Amino acid sequence: MNGAGVVSIDVKLLDSRLGDRPPQYASAGSAGLDLRACIATAMEIGPGETVLIPTGMAIHLADPGLAAMILPRSGLGHKHGIVLGNLVGLIDSDYQGELMVSTWNRGRNAFTVQPLERLAQLVVVPVLRVAFNVVDDFAASSRGDGGFGSTGRS
Ligand SMILES: O=c1ccn([C@H]2C[C@H](O)[C@@H](COP(=O)(O)OP(=O)(O)OP(=O)(O)O)O2)c(=O)[nH]1
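Residues numbered from 1 in each chain as written. Predicted model: local features only at pLDDT ≥ 70, side-chain atom pairs only at ≥ 80, totals over all residues. Heavy atoms only, no water.

Enquirer: I'm lost on the sheet that holds strand S8 (residues 98-105) in this one. Help?
Expert: Whether parallel or antiparallel, the strands of a sheet pair through hydrogen bonds between backbone atoms. Reading across the sheet, the four strands line up as S1-S4-S8-S6 and stay open at both edges, with antiparallel pairing between neighbours. A strand with exactly one partner marks an edge of an open sheet, and here the two such strands are strand S1 (10-13) and strand S6 (82-84). Neighbour-to-neighbour, the strand axes of the sheet open up by a mean angle of 45 degrees, direction not taken into account. By the bridge criterion, three bridges tie S6 to S8 in an arrangement that is antiparallel. Its bridge partner lying in S8, Ile82 is registered against Asn105. (Pairing = 2+ DSSP bridges. Helix = DSSP H or I, 4+ residues; strand = E, 2+ residues; numbered from the N terminus. Axes fitted to C-alpha atoms, helices over the stretch in contact; angles between N-to-C directions.)

What follows is the structure, given as structure tokens:
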């Protein structure tokens, strides 16, 4: 991490249309980096259809203490029903292949993705890796095994 709290990540730009500029944060407070649809021509996605769309870039997080998540863009999801077929894409720190966006049209109308359209966003997050300690009983907690609405609706 550099002095500005920024983590340096290796990136390969696989599509010449991206030039030599990797995605940039849109504002000082942005958490996500927009991923573009690196498709040759406009692509119609019918209602209920899911297609795998390449982003033209690969990253190598390298540090097992990092992961990245591909998340939907809220405007596309809310207005057009364009979300992710896997709901969230999890990018492992040792993955070096092209980032792909499983693009699901959960809406009622066809949607046409344009070449280089900003389709989804990438968020890099810290990861805690754990070692499991197998036990017969847990130390008591106030919740115990209550879940799935055990505290009521409101
Ligand atoms: O939306 C996604 C999700 C995953 N990946 C890449 C990065 C990730 O590290 C790799 C494997 O993802 P995951 O472990 O979720 O896939 P899997 O279905 O469990 O396959 P595998 O057996 O390859 O792990 O695929 C993407 O490019 N986009």
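After that view, the rundown keeps rolling.
Enquirer: What should I look at first to understand the site of the ligand in this one?
Expert: Every residue lining the ligand is accounted for by Ile70, Asn86, Gly89, Leu90, Ile91, Asp92, Tyr95, Glu98, Leu99 and Met100. One of the backbone nitrogen or oxygen atoms of Met100 is found 2.8 Å away from a nitrogen atom of the ligand. When the ligand is considered free in solution it has 570 Å² of accessible area, and contact with the protein chains removes 47% of it. Put simply, the parts of the chain that give the shell around the ligand at least two residues each are strand S7 (89-91) and S8. For the shell around the ligand, a count of residues per class yields six nonpolar, two polar and two charged. (Near = heavy atom within 4 Å. Polar contact = N/O pair within 3.5 Å; in protein donor to acceptor, adjacent residues only side chain to side chain. Areas by Shrake-Rupley, 256 points an atom, 1.4 Å probe, with all protein chains shown as cover. Nonpolar A, V, L, I, M, F, W, Y, C, P; charged D, E, K, R; others polar.)

Enquirer: Any chance you could explain a nonpolar patch on the surface here in plain terms?
Expert: Taken together, the side chains of Leu52, Tyr95 and Met100 define a hydrophobic patch exposed on the protein surface, amounting to about 270 Å² of accessible area. Locating Met100 in the fold gives a position in strand S8. (Patch = residues over 30% accessible without salt bridge, like charges linked within 9 Å, V, L, I, M, F, W, Y side chains within 5 Å. Salt bridge = Lys/Arg side-chain N within 4 Å of Asp/Glu carboxyl O.)

Enquirer: Got a minute to help me understand the sheet that holds strand S2 (residues 33-36) in this structure?
Expert: Spatial strand order, S2-S10-S5-S7: four strands in an open sheet with antiparallel pairing. The open sheet has two edge strands with one neighbour each: S2 and S7. Each adjacent strand pair in this sheet contributes to an overall mean axis angle of 30 degrees, direction not counted. Two strands pair when backbone bridges link them, and S2 and strand S10 (residues 118-126) are joined in this way by four bridges, in the antiparallel orientation.

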